[in-house]
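Close look at the chain arrangement
Each chain is listed here by its residues.
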Amino acid sequence: MSVRKITEYPEAVLAQAGKPVTEFDEELEKLCADMFETMYEAEGVGLAAPQIGLNLRLFVIDCEDIKLVAANPEIIETSGEQSSQEGCLSVGKVPAVVTRAEKVRLKAQNEKGEWFEREAEGYAARAFLHETDHCDGKLFIDHLPKMRRDMVVKRFQKEKRWK
Ligand SMILES: [Zn+2]
């Protein structure tokens with residue numbers, strides 16, 4: 001296992017829709033192990049393949065009591081609404097309030113290629129939506145009004161210069 005370099009805004013791969021995962025082999029298992037390790041190292045609760053520079057529809061999550069690998073993820077049901085702070089490892093964890101569904105149902109394949117469905121609420125639902133967005137080339141800041149989006153980007157760039 002190894003920790004991969006996290007890609008950061010505005011790298012192009014973060015804005016590209018991922019390609020479907022088609023090979024469910026040992027290589028994919030190794031990739032998922034690396035993604036978990038990279039996520040834990042960065043103290044995140046979710047990480048998608050574009051965040052380590054790979055144009056693939058794949059994410060890992062360890063959030064509340066949900067730990068899973070999701071290949072070719074789709075959100076097939078949503079209900080309710082929640083607004084709270086969200087951040088992203090690719091945008092320096094600068095927080096902003098995003099409105100999302102309160103409850104979602106995810107459909108995806110595990111690392112063996114088996115399809116499954118999983119429901120989540122609250123924070124975990126937010127993580128499912130955030131990571132599925134990454135697979136579609138979308139960042140959480142894309143949900144913000146332009147002024148707030150610019151503020152998050154400015155703060156991120158400023159903090160990056162200080163590092
Ligand atoms: Zn993110």
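As the structure is a prediction and not an experimental result, all values here were calculated from the model. (Residues numbered from 1 in each chain as written. Predicted model: local features only at pLDDT ≥ 70, side-chain atom pairs only at ≥ 80, totals over all residues. Heavy atoms only, no water.)

Moving on: the sheet that holds strand β2 (residues 58-63). Ordered by their spatial adjacency, five strands build an open sheet running β1-β2-β3-β6-β7, and the pairing between neighbours is antiparallel. Two strands bound the open sheet, and with one partner strand each, they are β1 (46-48) and β7 (115-121). Within this sheet the neighbouring strands show an average axis-to-axis angle of 40 degrees, counted without direction. Sheet topology places β1 next to β2; three bridges connect them, and they run antiparallel. Of the residues in β2, the one forming a bridge with Gly46 is Ile61. Against the sheet, helix α1 (residues 26-41) makes contact with β1, β2 and β3 (66-79), and its axis sits at roughly 45 degrees relative to β2, the strand it touches most. Strands β1, β2, β3, β6 (103-109) and β7 of the sheet are contacted by helix α2 (residues 122-135), whose axis makes an angle of about 165 degrees with β2. (Pairing = 2+ DSSP bridges. Helix = DSSP H or I, 4+ residues; strand = E, 2+ residues; numbered from the N terminus. Axes fitted to C-alpha atoms, helices over the stretch in contact; angles between N-to-C directions. Contact = heavy atoms within 4.5 Å.)

Let's shift gears to α2. Between its terminal C-alpha atoms α2 stretches 20 Å, which fits the 20 Å expected from 14 residues at 1.5 Å a residue. Along α2, 13 of the 14 residues are buried, which leaves the element largely enclosed by surrounding structure. Downstream of α2 by a residue or two, Gly137 has a phi angle that is positive, lying close to 75 degrees. (Expected span 1.5 Å × (residues − 1). Buried < 20%, exposed > 50% of the residue type's maximum accessible area, 1.4 Å probe, protein only.)

Per the stated rule, a full pass over the model turns up 13 salt bridges. With a closest N to O distance of 3.0 Å, Glu8 and Lys160 form a salt bridge. In this pair, Glu8 is assigned in the segment before α1 and Lys160 in helix α3 (residues 146-162), connecting sequence segments 152 residues apart. Residue classification places Glu8 among the buried positions, given a relative accessible area of 18%. We classify Lys160 as partly exposed; its relative accessible area is 39%. As a salt-bridge pair, Glu119 and Arg105 come within 3.0 Å of each other at their nearest N and O atoms. Here the residue Glu119 occupies a position in strand β7, and Arg105 occupies one in strand β6, the gap between them amounting to 14 residues. (Salt bridge = Lys/Arg side-chain N within 4 Å of Asp/Glu carboxyl O.)

Our next topic: a negative patch on the surface. A grouping of Glu23, Asp25, Glu27 and Glu29 is seen on the molecular surface, where their side chains present a negatively charged patch. You can see Glu27 is positioned in helix α1. (Patch = residues over 30% accessible without salt bridge, like charges linked within 9 Å, V, L, I, M, F, W, Y side chains within 5 Å. Areas by Shrake-Rupley, 256 points an atom, 1.4 Å probe, with all protein chains shown as cover. Lys, Arg positive; Asp, Glu negative; His and termini not counted. Charge placed at Lys NZ, Arg CZ, Asp CG, Glu CD.)

Now for the packing of aromatic side chains. Inspection of every chain in the model, using the stated rule, returns one aromatic pair. A ring pair is formed by Phe36 and Tyr40, whose centres lie 6.1 Å apart and whose planes are at 20 degrees; its orientation type is stacked. With Phe36 and Tyr40 both in helix α1 and four residues apart, this pair spans about one turn of that helix. Here Lys67 stacks its cationic end above the ring of Phe36, 5.0 Å away from the centre of that ring. (Phe/Tyr/Trp six-rings, centres within 6.5 Å; stacked < 30°, edge-to-face > 60°. Lys NZ or Arg CZ within 6 Å of the ring centre and 35° of its normal.)

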